[in-house]
Each structure stands twice: as C-alpha cells, then as structure tokens.
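Structure assessment
Each chain is listed here by its residues.
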Amino acid sequence: MNVPSERAAHPSVAAWAALRATAGSRGAIVTLVRGDGGASKAVGTHFALADDGRTFGSVTIGGCANGRAVVSAERVLQSGVRERLTLPLGEEDARALGLGCAGDVDLLVERVALTSPDPVADALDAAEAALEQGARVALVAPLSGLAGRLFVREDGSSAGTTGGAARDDAARALALHALGDAAAESGVYEAAGEEWLVQLLVSVRTVLVVGATDVAAALCALAASLGWRIVLIDSRDGALEEAS
C-alpha cells in the first residue's frame, strides 16, 4: 500500500496547522500568555477550536483549565470579540494532576478567519514556513486593543500586522531585540504603552518512529514531553488511525 507522505507540523504551530486543515471558514485560537503552578505548557502554546466543534492541542497538562478554555473559545468564535482571561488551577485540580501546588493560567482567545485575509493566520502561516526552513523567528501579539499578530525574522522581514504601522514598528523592535538576545525568553513585554506577548520559535528535533506499537506510544509520549516533532510510520491498513 502506498501511503502519501505528509510532514508533521512544528509543535509550536501544530494546533494551528490542524485547525487550518479542517477546511472550515473560521476557528478560535487560544494562546498561553502566562502559567503558574507547574500545570501549564510553554508560553505561546496554542489550543484551537474549529467551527465544527473539533479541538486541537491544549494549554495545560490536564485538569479543568482546558475545559474552561474550550468554553471561552466557543464564546469568542461566536462573538468575534477576543478575550484575555485568567483561569485558576485550584488545589483539587493540582492534586488530580499530582502537582504540589495550584496556580493560574493567563490566556488570549481570538477568532481567526480561515477563508479570508486575517493577520493572525498570515503570521502563523509565515512562522510555520520559516520553521520548516530551520529559521529562528518570533511572533508578537498585542494583549489589548486591536487584534493582530506580527511574524518577524532575524533580518527584520515580517508578515501579518498588529493593526497599524506604528504598532508594527513597536512589535518588530521587540521581536528583533528578543531575537538578538541569547538569554531572552518567550513572555510578556511592555512597549509603546502596551503589553505584548513575544514568542520565540526555533526549529526542533524530529523523531521518526517506525511501527505503531505500545513501545512506539511510549516513545512518542516521551518525545512530545521534550517538545520534539514526531513522525509515526506504519504501512499496515488502519494502524495509524488506531494509534491516533
């Protein structure tokens, strides 16, 4: 049997790639802005909701916060008004996850168009293409005011917009400063009187796992926890569907 080859998306944009592949007209993107208590994933992690109800990715390692994120995404998908919200991870959630303490997750929830021009989609598409080339890039999102996203390369070239030339200049300056600082990390920064989420993205290792077996499942879980890209290969009919 000939199985068509399809390159796995970079982990940082995997939820976006899955949402885009649904062929719907729009969806909602939930971005992790900040996380406390050990339950959240890396800053900038995305969770996506398609207009047919399917979900992709997560912003925490489990617990009720993901369910609350779905409710918020459903609301934003209908209203089109983006939200920034803080979801508490209570002591009960923490115990259920085996964590020593509770915490909060700060999320940015936005609607994104899939069949018409959209700055968030343009920036995420550009980031995905650049990461496939092994580039080191940044995504910058304003956390108040008009929605948008700016993708920036180390040479200053960009895609998307944050809503205007002055805003884009501020976002680009933030991105270039972070890209030029080896100690910089993804997080919330202040510039031009606003808060911005700056997400630094680099290419990752790709792990090829041959055979959809129980051992492969354990290897995939381990690689995913390290943020590596996983490609599972199995030529048997239905094996990959069962593994997913």
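Cut-off values and rules
Residues numbered from 1 in each chain as written. Predicted model: local features only at pLDDT ≥ 70, side-chain atom pairs only at ≥ 80, totals over all residues. Heavy atoms only, no water. Pairing = 2+ DSSP bridges. Helix = DSSP H or I, 4+ residues; strand = E, 2+ residues; numbered from the N terminus. Axes fitted to C-alpha atoms, helices over the stretch in contact; angles between N-to-C directions. Contact = heavy atoms within 4.5 Å. Expected span 1.5 Å × (residues − 1). Buried < 20%, exposed > 50% of the residue type's maximum accessible area, 1.4 Å probe, protein only. Arc of directions from axis to C-beta. Salt bridge = Lys/Arg side-chain N within 4 Å of Asp/Glu carboxyl O. Core = buried A, V, L, I, M, F, W, Y, C linked by side-chain atoms within 4.5 Å.

**Brief notes about the sheet that holds strand β6 (residues 137–142)**
Strands sit in the order β8-β7-β6-β10-β9 across an open sheet of five strands; the sheet is antiparallel. The open sheet is flanked by β8 (158–161) and β9 (187–191), the only strands paired with a single partner. Averaged over all adjacent pairs, the angle separating strand axes in this sheet is 25 degrees, with direction ignored. With four bridges connecting them, strand β7 (residues 149–153) and β8 associate as antiparallel partners. In the strand pairing of β8, Phe151 is matched with Ala159. Where helix α4 (residues 119–132) meets the sheet, it contacts β6, β7, β8 and β10 (194–201), and its direction lies at approximately 25 degrees from that of β7.

**Quick notes on helix α5 (residues 165–179)**
Helix length check: α5 (15 residues) gives 21 Å between terminal C-alpha atoms against 21 Å at 1.5 Å per residue, within 8%. Those residues of α5 that sit buried are Arg167, Asp168, Ala170, Ala171, Leu174, Ala175, Ala178 and Leu179. The buried residues of α5 occupy one face: seen down the axis, they fall within an arc of 165 degrees. For α5, exposure combined with an orientation more than 90 degrees from the buried face picks out Ala165, Ala166 and His177.

**Regarding the pattern of salt bridges**
Per the counting criterion, the structure on display carries eleven salt bridges. Salt-bridge contacts for Asp106 lead to Arg84; the nearest nitrogen and oxygen are separated by 2.9 Å. Taken together, the residues Asp106 in strand β5 (residues 103–113) and Arg84 in strand β4 (residues 83–89) connect sequence positions 22 residues apart. A relative accessible area of 5% places Asp106 in the buried class. A single network of salt bridges, built from pairs that share partners, joins Arg20, Asp125 and Glu128.

**Here's the deal with the nonpolar core**
Residues Trp16, Leu19, Val112, Val137, Leu139 and Phe151 are the most contacted members of the largest nonpolar core, which totals 21 residues. Those elements giving two or more residues to this core turn out to be α1 (14–20), β2 (46–50), α4 and β6. Broken down by element, this core gets its largest block of residues, eight residues, from α4. Not counting the four nearest positions on each side in its chain, Phe151 is found in contact with Ala123, Ala126, Ala127, Ala130, Val137, Ala138, Leu139, Ser157, Ser158 and Ala159.

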